[in-house]
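What the coordinates show
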Amino acid sequence: MPPSPEHVRFHPTVPPRFAPLPSAPDVAVIGAGAAGIAAARRLIARGLSVAVLEARDRVGGRAFTTALRGHPIDLGAHWLHAGPVNPLVALGHARGEPLRRAAQDGHLWVGRRRGRTAEQAAFGRAFDVADRAMTLAAGLREDGPASSAVPPSLGPWRERISLVHALVSGRPLQEVSLHDWPSLEYGDNFFVSGGYGAYLARLALDLPIRLSAPVAALDTTGPGVAIRLDDGGTLGVRAVIVTVPIPVLQRSVRFEPPLPARTRGAIDGFLSGTYEHVVLHWPSAPFCGRDRLASIVGGRHKPPGMLTRIDGTPFHYFEIDTAFARAADALRAGPDAERRLARAVLAEHFGHRALRDLAIPAVTGWRHDPYAAGSWAVVPPGHAPARAILGEPVADRIWFAGEAHSRQQWGTAGGAFEEGGRAAEAVADHLSARGPRAGA
Ligand SMILES: Cc1cc2nc3c(=O)[nH]c(=O)nc-3n(C[C@H](O)[C@H](O)[C@H](O)COP(=O)(O)OP(=O)(O)OC[C@H]3O[C@@H](n4cnc5c(N)ncnc54)[C@H](O)[C@@H]3O)c2cc1C
């Protein structure tokens with residue numbers, strides 16, 4: 001058995017306040033993460049009665065803000081990516097949420113010293129060259145591993161750029177579809193003061209949500225959908241929007257009758273991506289300026305990525321990718337393995353003395369979390385049509401939504417929110433075309 005993830009022990013900063021479930025809802029939404037919250041809000045706006053069933057004892061899913069040493073810290077999603085297309089940015093502006101634009105510049109650390117200006121510029125240019133080459137290759141070639149399109153001409157920066165892209169992809173680039181990769185829109189990012197998880201939790205306030213209600217099975221053999229909960233309870237509805245993470249769908253939600261082969265194949269072909277935060281509290285860290293990315297290159301250990309001075313505090317993320325997580329899991333020491341490995345990497349680049357005031361108050365383990373089983377879903381080579389297939393309803397009663405559906409914003413809370421809203425519109429259109437529930 002994998003160790004229980006440490007992040008489940010933390011509490012959300014926004015206290016729950018939900019409406020009771022209606023006695024005979026039209027639609028059930030399974031999961032109260034970004035997609036489920038968006039779906040519920042949109043269905044209610046369309047005049048439908050809704051019941052949201054959430055397995056955890058909190059909302060937000062993989063967007064989760066807790067308080068560490070008095071500061072709100074995100075243990076999952078933190079960046080509002082792709083500002084121009086992210087609906088949570090537009091909604092945040094409309095609501096007066098405290099959004100701030102992310103800085104464009106970052107830190108470069110080479111071995112045991114700061115990167116020089118010329119190195120910074122060369123690194124930036126190499127990123128642009130890689131992005132252009134990969135986007136071009138995706139349009140011209142058959143699908144294959146994204147790694148095959150990283151140009152050899154990047155010289156010394158090639159390894160670093162591959163590492164960064166693998167980190168944000170959730171898998172080594174050999175395991176990522178070239179056709180899927182460039183679809184992600186990453187420009188013009190924002191942060192929200194108080195945390196992304198807290199923002200989503202505010203959007204969920206007063207929705208009809210039942211917590212601690214894991215769904216075990218969905219049955220469409222009769223009229224409508226019969227939902228079976230883990231605790232033996234049942235609920236009957238006209239339609240369902242399932243926002244459960246893809247790896248959870250692969251393992252633990254049953255469908256009766258079984259899903260069509262096309263839908264099942266799309267779900268089962270995804271890989272589970274790994275991206276975890278080791279949260280550092282490090283007042284004397286050599287990085288200045290709030291919310292800067294740090295790239296550390298050279299040396300024996302190659303840390304995949306860091307975000308420094310989060311919100312202007314002494315907190316930093318040391319990010320963990322698939323390779324690092326596998327190395328940590330092999331030590332069988334739970335989150336202390338990540339703590340040890342992160343310290344070893346930082347000691348190599350900054351020296352042991354620099355770590356005298358370093359504490360690591362939290363390490364996430366989304367890959368071991370039974371209601372996430374990974375950080376986001378990854379499309380391997382040859383599986384690029386899967387996101388669109390997931391958008392097709394099953395038996396005109398089951399719709400799927402979540403981060404994995406989004407072509408333009410895959411793997412993100414913004415993409416999940418967009419897809420939740422899209423599924424809700426489709427369900428509302430479908431039910432209004434069929435007229436009111438019999439007996440209603
Ligand atoms: C460490 C980390 C950092 C990240 N950083 C960013 C970032 O900076 N920016 C960004 O945009 N994205 C980021 N992401 C990705 C982002 O968090 C996800 O893409 C997004 O939150 C997914 O939303 P969702 O609604 O699709 O799924 P989820 O948020 O996972 O919601 C699904 C919900 O379904 C519930 N559920 C599961 N099984 C059941 C069941 N059987 N019955 C009922 N409910 C169930 C879950 O508990 C969960 O609440 C990060 C993810 C991680 C892990």
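The present account deals with the structure reproduced in this document. Note that the structure is predicted; figures quoted are calculated from it, not measured.

Quick notes on the rules
- Residues numbered from 1 in each chain as written.
- Predicted model: local features only at pLDDT ≥ 70, side-chain atom pairs only at ≥ 80, totals over all residues.
- Heavy atoms only, no water.
- Helix = DSSP H or I, 4+ residues; strand = E, 2+ residues; numbered from the N terminus.
- Buried < 20%, exposed > 50% of the residue type's maximum accessible area, 1.4 Å probe, protein only.
- Near = heavy atom within 4 Å.
- Polar contact = N/O pair within 3.5 Å; in protein donor to acceptor, adjacent residues only side chain to side chain.
- Areas by Shrake-Rupley, 256 points an atom, 1.4 Å probe, with all protein chains shown as cover.
- Nonpolar A, V, L, I, M, F, W, Y, C, P; charged D, E, K, R; others polar.
- Domains from an automatic or database assignment.
- Phe/Tyr/Trp six-rings, centres within 6.5 Å; stacked < 30°, edge-to-face > 60°.

1. Topic: unusual backbone geometry
- The residue after Glu 256, namely Pro 257, is reached through a cis peptide bond having omega -5 degrees.
- One can find Pro 257 in the loop between β14 (254-256) and α7 (261-269).
- Of note in this structure, Asp 291 is not a glycine but carries a positive phi near 55 degrees.
- When its relative accessible area of 4% is taken as the criterion, Asp 291 is described as buried.
- Phi at Arg 309 is positive, roughly 45 degrees, even though this residue is not glycine.
- Assignment of secondary structure puts Arg 309 in the loop between β18 (305-308) and β19 (315-320).

2. A word on the site of the ligand
- The ligand sits among 38 residues. The nearest are Glu 54, Arg 62, Trp 79, Val 215 and Ala 413.
- The backbone of Trp 79 places a nitrogen or oxygen atom 2.8 Å from a nitrogen atom of the ligand.
- For the ligand, whose free accessible area comes to 990 Å², the fraction covered by protein is 98%.
- Elements supplying a minimum of two residues to the shell around the ligand: α1 (34-45) and α11 (413-434).
- Residue composition of the shell around the ligand, grouped by class: 21 nonpolar, 13 polar and four charged.
- Counting residues domain by domain, the shell around the ligand receives three or more from each of domain 1 (6-66 + 194-270 + 383-434) and domain 2 (103-188 + 272-368).

3. Details of the packing of aromatic side chains
- In this structure the tally under the stated criterion is 11 aromatic pairs.
- Between Tyr 275 and Trp 376, the ring centres sit 5.2 Å apart and the planes meet at 40 degrees, which makes this aromatic pair tilted. Highlighted residues: Tyr 275 in the loop between β15 (271-272) and β16 (276-281) and Trp 376 in the loop between β20 (359-363) and β21 (377-378), separated in sequence by 101 residues. Each of the two residues, Tyr 275 as well as Trp 376, counts as buried.
- Plain terms: the ring middles of Phe 287 and Phe 350 are 5.7 Å apart, the flat faces sit at 80 degrees to each other, and that makes the pair edge-to-face. Separated by 63 residues along the polypeptide, Phe 287 in the loop between β16 and β17 (292-297) and Phe 350 in helix α9 (residues 335-350) bring together distant segments of the chain. Considered together, Phe 287 and Phe 350 belong to a single accessibility category, that of buried residues.

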